[in-house]
Amino acid sequence: MSNKSVLERLLVEIDGYETNRNDRDAFAKRVAESIEALEGVPYSVNQEGRDWQYKIETEGYFDEEGFESEIDEVIPKLKEWVNVLIHTNS
């Protein structure tokens, strides 16, 4: 599967999560795994994927516990980052 296909599938997953916010931990793991599945990308991209995983998990915990969460900002920024990756790897 091409990098573009992996990233486009990830965008679909992000949209699904943004809509219903089900199974945050599994979603965060899929984000990291999708980025790690990319071929020929710098290690820094993999590191950024892990950073996104951490942000999703952390903000989700804040949201669940009733603390101020930035999850509504994290998801659009994640989508923007994935779109940049798509254009960079096309």
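Note that this is a predicted model, so its numbers are computed, not measured.

Cut-offs and rules
Residues numbered from 1 in each chain as written. Predicted model: local features only at pLDDT ≥ 70, side-chain atom pairs only at ≥ 80, totals over all residues. Heavy atoms only, no water. Core = buried A, V, L, I, M, F, W, Y, C linked by side-chain atoms within 4.5 Å. Buried < 20%, exposed > 50% of the residue type's maximum accessible area, 1.4 Å probe, protein only. Helix = DSSP H or I, 4+ residues; strand = E, 2+ residues; numbered from the N terminus. Contact = heavy atoms within 4.5 Å. Salt bridge = Lys/Arg side-chain N within 4 Å of Asp/Glu carboxyl O. Axes fitted to C-alpha atoms, helices over the stretch in contact; angles between N-to-C directions. Parallel < 35°, antiparallel > 145°, perpendicular 65-115°, else oblique. Left-handed = near helix turned anticlockwise from the far one by under 90°. Nonpolar A, V, L, I, M, F, W, Y, C, P; charged D, E, K, R; others polar.

Colleague: Got a minute to help me understand the nonpolar core in this structure?
Modeller: It is characteristic of soluble globular proteins that their nonpolar side chains tend to be buried jointly. Ile14, Phe27, Ile35, Leu78, Trp81 and Val82 are the most contacted members of the largest nonpolar core, which has 23 residues in total. Every element with two or more residues in this core is listed here: α1 (3–20), α2 (24–36), α3 (43–64) and α4 (71–88). Non-local contacts of Ile14, meaning those with residues more than four positions away in its chain, are made with Phe27, Ile75, Leu78, Lys79 and Val82.

Colleague: I keep staring at the pattern of salt bridges and nothing clicks. Help me out?
Modeller: When the charged atoms of two side chains with opposite charge come close together, those side chains can pair. All chains considered together, the criterion is met by eight salt bridges. In this structure, the salt-bridge partner of Lys79 is Asp15, at a minimum N-O distance of 3.0 Å. Placement of Lys79 in helix α4 and of Asp15 in helix α1 is noted, with a sequence separation of 64 residues between them. Asp15 gets classed as partly exposed once you look at its relative accessible area, which sits at 35%. We note a salt bridge from Glu18 to Lys79, for which the minimum N-O separation is 2.9 Å. Of this pair, Glu18 sits in helix α1 while Lys79 sits in helix α4, and the two are 61 residues apart along the sequence. By sharing partners, the salt bridges in this structure join Asp15, Glu18 and Lys79 into a single network.

Colleague: Any chance you could explain the packing of α2 against α4 here in plain terms?
Modeller: Helix packing geometry: the angle between the two helix axes and the distance between the axes. Relative orientation of the contacting elements α2 and α4 amounts to 15 degrees, with a least axis distance of 13 Å. In terms of orientation, α2 lies roughly parallel with respect to α4. For α2 against α4, the interelement crossing comes out left-handed. Only Ile75, Leu78, Trp81 and Leu85 of α4 make contact with α2, whose side of the interface consists of Phe27, Val31 and Ile35.

Colleague: For this particular structure, what's the right way to read the packing of α1 against α2?
Modeller: For the pair α1 and α2, interaxial distance at closest approach is 10 Å and the crossing angle is 165 degrees. By the angle between their axes, α1 is roughly antiparallel relative to α2. Handedness of the crossing formed by α1 with α2: left-handed. Counted together, Val6, Leu7, Leu10, Glu13, Ile14 and Tyr17 of α1 and Arg24, Phe27, Arg30, Val31, Ser34 and Ile35 of α2 form the full contact between these two elements. For the contact of α1 with α2, the per-class residue count stands at eight nonpolar, one polar and three charged.

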